[in-house]
Amino acid sequence: MSPRWNPNPDVRAGRHVVYNLHVHLVFVTKYRRGAMTDEILTRCEEIMREVCTDFEAELKQFNGEVDHVHLLVHYPPKVQLSKLVNSLKGVSARLLRKEHDSHIRRYLWGGHFWSGSYFAGSCGGAPLTVVKQYIENQKRPV
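Quick notes on the rules
Residues numbered from 1 in each chain as written. Predicted model: local features only at pLDDT ≥ 70, side-chain atom pairs only at ≥ 80, totals over all residues. Heavy atoms only, no water. Salt bridge = Lys/Arg side-chain N within 4 Å of Asp/Glu carboxyl O. Helix = DSSP H or I, 4+ residues; strand = E, 2+ residues; numbered from the N terminus. Buried < 20%, exposed > 50% of the residue type's maximum accessible area, 1.4 Å probe, protein only. Contact = heavy atoms within 4.5 Å.

An unreviewed UniProt entry annotates the protein as IS200/IS605 family transposase of Streptomyces pratens.

If you want it as structure tokens, here you go:
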């Protein structure tokens, strides 16, 4: 890259790609039951950081309440978001149930931890109106 270019730590480069992909994820506990404690949230963050590292992604931000968690993940384009989500939910559910079974069993039953659905919102970069205007103003060859 040009030495005049100020490197942005969020803009990463691969062999044939330069990217800056962030996603906001929200996972809700099954039946929206309040099974989370501070200790469980702390452990959940550790687990999800490890899973993200395995996918060459980075967990930028994590927080939650008694019945849901929010994640901000910076991920490479080769990662299929649905596979990342399945791994985040599957690994965390398995390990949290194993490590905190007596507490979690009071709130959740049937071997479930997370609801089957999730929220994923792309974020970062320019607003859509700016991108649309930029594309619209390209000098098309005649």
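## Here's the deal with the pattern of salt bridges
A side chain with one charge may pair with a side chain of the opposite charge, provided their charged atoms come close. Overall, the coordinates contain eight salt bridges when judged by the stated rule. The residue Glu99 makes a salt bridge to Arg43 at a minimum N-O spacing of 2.7 Å. On the criterion of sequence distance, the pair formed by Glu99 in helix 2 (residues 81-99) and Arg43 in helix 1 (residues 38-54) is long-range, its members being 56 residues apart. Given a relative accessible area of 38%, Glu99 falls into the partly exposed group. Here Asp101 ties to Arg105 by a salt bridge, and the two come within 2.4 Å at their closest N and O atoms. The class for Asp101 is partly exposed, based on a relative accessible area of 28%. A residue is classified by how much of its surface remains accessible, and Arg105, at 53% relative accessible area, is exposed. It is possible to trace a salt-bridge network through shared partners that takes in Arg12, Glu58 and Lys60.

## Examining the side chain of Asp67
Considering the arrangement of structural elements, one finds Asp67 in the loop between strand 4 (58-64) and strand 5 (68-74). Classification of Asp67 as buried rests on a relative accessible area of 13%. Excluding anything up to four places from it in sequence, Asp67 contacts Phe27, Val28, Thr29, Arg32, Arg33 and Gly34.

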